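Breakdown of the fold
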Amino acid sequence: MTEPTKELLNVSGLSITARVGDRDLRLLEDVDLEIGRGEIVGVVGESGSGKTTLARAVVGLLEKNVRVGGGSISLSGDEIVAPGVDRTGKVRGTAVGMVFQDASRSLNPLMKVRAHLAEVLRRHVKEITKDEVERRSVEVLEQMRITDAARVLDSYPHQLSGGLRQRVAIGLAVVTRPSMVIADECTTALDVTTQTKVVGLFRTLVDELGIGLLFVTHDLMLASDLCDRIAVMNSGRVVEQGPAMEVLDRPREDYTQRLLAAIPTWT
Amino acid sequence: MSQIELEPLTQGDAPEARKGRRSRTSVFWLSVPLVVIAALVFILPITGLLPEGGQDLSNTRLPPAFLDGGTWAHPLGTDKRGQDILTQLVTSGRLTIMIGLVGALVAIGPGVLIGLVAGYFRGWADKVISILIDAQLALPFILIALAIISNRGSSLPILFLVLALTGWAACARVTRSTTMAIRERQFVLGLRAVGASEARIVFRHVLPNLAGTIVALGTLQVGTAILVESALSFLGLGVVPPKSSWGSMLASGQDELSQAWWIAFFPGLAITVLVLLVNLLGDALLTHHDPRKRRR
């Protein structure tokens, strides 16, 4: 049984700096964020606000010149990131899955979908048999609402449509049955109708699998559709955080108001 | 049971499909003459169809059979010692092809590996390797060849050492820059995100994506190896008698050009055709390797 409110990911007081030349640049400052099982938390903000840095810090995919200056990240109660501590290698690909912006570039163009899935499964599931790999590959594609799984498995990434490709990428992230998925701008490269479908897919996945989803986007409307809670970021800080409707309907912060005002309207 | 499968061919992807098919057929049609050359060179000597290869001082500098004074006993003529050119061409072809293939391998193997390490891991390893590459490329090839061969004498292992030393730097530099481009692609980040190890990313994902480059380098290097060997043999530093290659045949025919042009012409033609075919095949393979350009 998964309690919707049970704490899964806990980011507290996280500060991250990048060393550029002989100066330290603050990327994140004192960021607090919590995600529970079965919960979707949206992180919104403009380019350079630190959304992606936050997402990548959880899986330890930061650049070499970037280090954690303070605070910590813990997953299911275990500390995985703290100053001088990096235990993300243990959760990467197993407990945490990640989906990237553009699936046409996040899949190896020389490998069929089958090989992509098999690679992840073989890496993370001990002594998995060939039949089991096949079974779980088909299973996860069906979970992604892909009807002709057999054909998709035998396709190269470029032979699939953008939406299908992104669903394969999501499948790749959840095939190891992680407890948490991070989606970094993963709908940005899609057209609006495909976006809606992918977003709907995320909702059902979160409800079905009871995972926590960290949904990074710059699209406020999309975030309000999908997310339970929203954190608004600006220049490395979380300026406002709360239930999605509350943040969008009654923005307290000046920055959030300006973000909302920047959305074009029909009138 | 007869079953007709219709290709789902929409108008949209038709030109691409046709292009892919052309690449596959060109790979085939370029392989045919190469296989024929290899077969001639390796099978003809054991059939006993070739003219006697020994010296025959009564028949020196005989022209090819299709010219006045030529005989079909020596279809491509004889050299200044009366040795049959066709027989020499076939027997030295073996050594030439071997030098081309092994010479390319010894340059590409280390070159690609070094370039891969430098391009993927960057850092101090990259700095050291880059300096080494620059230093190597700054040294004239002929100087290295002279230094090594005058010190160690000329033999096949030494020839391969020279080919490796002169060829690795260019391979490493090209591989390094291509690797640097590939490592920045998002799927590498994706692989890290699913927990793939660095070694696995480098050898199972980055290396296959380099295949096109490696094939192109490889075929170029086969051509280069054959040409370098010819040049060294020409200077008397490469293959020395009793062994002979197309390069050494070319060299021995060069002072006879005004009286007996065929001695140098046929090995020269053989080198040109072989190197050209190998380079064209490399081009075709390059297109063929990429599944995006290949027909399903």
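Residues numbered from 1 in each chain as written. Chains lettered and ligands numbered in written order. Predicted model: local features only at pLDDT ≥ 70, side-chain atom pairs only at ≥ 80, totals over all residues. Heavy atoms only, no water.

Moving on, we come to the overall build of chain B. Each helix and strand in chain B was counted, giving 10 helices and 0 strands. By the burial criterion, 45% of the 296 residues in chain B qualify as buried. Expressed as a percentage of contacts within chain B between residues at least 6 apart in sequence, the contacts between residues at least 24 apart total 71%. When the accessible surface of chain B is split by element, carbon and sulfur atoms take 66% of a total near 15,600 Å². (Helix = DSSP H or I, 4+ residues; strand = E, 2+ residues; numbered from the N terminus. Buried < 20%, exposed > 50% of the residue type's maximum accessible area, 1.4 Å probe, protein only. Contact = heavy atoms within 4.5 Å. Areas by Shrake-Rupley, 256 points an atom, 1.4 Å probe, with all protein chains shown as cover.)

Residues and elements named next belong to chain B. Running from amino to carboxyl end, helix α2 (residues 85–121) crosses helix α8 (residues 211–234) at an angle of 130 degrees, the nearest separation of the two axes being 8 Å. Taken together, the axis directions place α2 and α8 in an arrangement best described as oblique. As for how α2 packs across α8, the hand of that crossing is right-handed. Along the contact surface, α2 presents T96, I99, G100, L101, G103, A104, A107, I108 and V112, while α8 presents I214, L217, G218, Q221, V222, A225, I226 and E229. Residues of the contact of α2 with α8, tallied by class, amount to 11 nonpolar, 5 polar and 1 charged. (Axes fitted to C-alpha atoms, helices over the stretch in contact; angles between N-to-C directions. Parallel < 35°, antiparallel > 145°, perpendicular 65-115°, else oblique. Left-handed = near helix turned anticlockwise from the far one by under 90°. Nonpolar A, V, L, I, M, F, W, Y, C, P; charged D, E, K, R; others polar.)

Moving on to the pairing of strand β5 (residues 78–82) of chain A. Residues and elements named next belong to chain A. The pairing of strand β4 (residues 66–75) with β5 spans 3 bridges and is classified as antiparallel. By the bridge assignment for β5, I73 is matched with V81. Linking β4 back to β5 in an antiparallel pair, the connection comprises 2 residues, with S76 at a positive phi of about 50 degrees. Two strands pair when backbone bridges link them, and β5 and strand β6 (residues 85–86) are joined in this way by 2 bridges, in the antiparallel orientation. Of the residues in β6, the one forming a bridge with V81 is D86. Here β5 folds back onto β6, and the loop between the two strands holds 2 residues, one of which, G84, carries a positive phi near 75 degrees. (Pairing = 2+ DSSP bridges.)

All names here are of chain B. Under the counting rule described, the total for this entry stands at 7 aromatic pairs over all chains. Between Y120 and F121, the ring centres sit 5.0 Å apart and the planes meet at 85 degrees, which makes this aromatic pair edge-to-face. For F121, a relative accessible area of 36% puts it in the partly exposed group. Aromatic side chains W261 and F266 sit 6.4 Å apart centroid to centroid with 35 degrees between the ring planes, which places their arrangement in the tilted category. One aromatic cluster in this structure is built from W261, W262, F265 and F266. For the cation-ring pair, R183 lies above Y120, with the distance from its terminal atom to the ring centre recorded as 5.8 Å. (Phe/Tyr/Trp six-rings, centres within 6.5 Å; stacked < 30°, edge-to-face > 60°. Lys NZ or Arg CZ within 6 Å of the ring centre and 35° of its normal.)

Attention now moves to the side chain of S137(A). Turning to its location among the elements, S137(A) is positioned in helix α5 (residues 130–143). Discounting chain neighbours no more than four positions away, the residues touching S137(A) are L117(A), L121(A) and L153(A).

Looking now at the sheet that holds strand β2 (residues 23–36) of chain A. All names here are of chain A. Pairing is antiparallel in the open sheet, where 5 strands are placed in the order β2-β1-β4-β5-β6. Every other strand in the sheet has two partners, leaving β2 and β6 as the edge strands with one partner each. Sheet strands touched by helix α1 (residues 51–59): β1 (7–20), β2, β4 and β5. Its angle to β1, the strand with the most contacts, is close to 110 degrees.

Attention now moves to the nonpolar core. Counting residues in each nonpolar core, the largest one holds 55 residues, and the members touching the most others are L141(A), F202(A), L213(A), F215(A) and I230(A). For this core, the leading source of residues is helix α7 (residues 162–174) of chain A, giving 7 residues. Apart from the residues within four sequence positions on either side, L141(A) is in contact with L117(A), I146(A), A149(A), V152(A), L153(A) and V168(A). The next biggest cluster of nonpolar side chains, apart from the first, holds 36 residues, and it includes L214(A), A231(A), M233(A) and A193(B). (Core = buried A, V, L, I, M, F, W, Y, C linked by side-chain atoms within 4.5 Å.)

All names here are of chain B. The predicted model of chain B averages 82 in pLDDT, with 89% of residues at 70 or higher. The secondary-structure element of chain B with the lowest mean pLDDT is helix α1 (residues 14–47), recorded at 73, while helix α3 (residues 123–138) shows the highest, at 93. For residues 1–18, every residue scores under 50 in pLDDT, and the model assigns this stretch 4 contacts once sequence neighbours within four places are set aside. For this predicted complex, the interface confidence reaches an ipTM of 0.79, while the overall pTM sits at 0.76. (pLDDT = per-residue confidence, 0-100.)

Now for the sheet that holds strand β10 (residues 229–234) of chain A. All names here are of chain A. Pairing is mixed across the open sheet formed by 6 strands, whose spatial order is β7-β8-β9-β3-β10-β11. On the outer flanks of this sheet lie β7 (96–99) and β11 (237–243), each paired with one strand and no other. Averaged over all adjacent pairs, the angle separating strand axes in this sheet is 15 degrees, with direction ignored. Here 4 bridges tie strand β3 (residues 40–44) to β10, and the two strands are oriented parallel to one another.

Moving on to the pattern of salt bridges. Residue and element names in this part refer to chain A. Counted under the stated rule, the structure contains 19 salt bridges over all chains. A salt bridge links E134 to R114; the shortest N-O distance between them is 3.0 Å. Of this pair, E134 sits in helix α5 while R114 sits in helix α4 (residues 113–124), and the two are 20 residues apart along the sequence. For E134, a relative accessible area of 32% corresponds to the partly exposed category. Judged by its relative accessible area of 27%, R114 falls in the partly exposed class. (Salt bridge = Lys/Arg side-chain N within 4 Å of Asp/Glu carboxyl O.)

Quick look at the interface of chain B and chain A now. A common way to state how big an interface is: give the accessible area lost once the parts meet. Across the boundary between the two partners, chain B contributes 22 residues, which contact 24 residues of chain A. Overall, the association of chain B and chain A removes approximately 2,100 Å² of surface from exposure, summing both partners, and the carbon and sulfur fraction of that is 58%. The largest per-residue losses of area from chain B upon contact with chain A belong to Q186(B), A193(B) and V194(B), which jointly make up 29% of the total buried on that side. Applying the counting criterion to the chain B and chain A interface returns 1 salt bridge. (Buried area = accessible area lost by both parts, 1.4 Å probe.)

Let us look at α5(A). Residue and element names in this part refer to chain A. Over its 14 residues, α5 runs 20 Å from end to end, which matches the ideal 20 Å to within 8%, given 1.5 Å per residue. Burial in α5 covers these residues: V133, R136, S137, V140 and L141. Each buried residue of α5 sits inside an arc of 135 degrees when the element is viewed along its axis, so together they form one side. Residues of α5 that are buried make contact with α4, α6 (149–153) and α7. After α5 finishes, the residue R145 shows a positive phi value of roughly 60 degrees. (Expected span 1.5 Å × (residues − 1). Arc of directions from axis to C-beta.)

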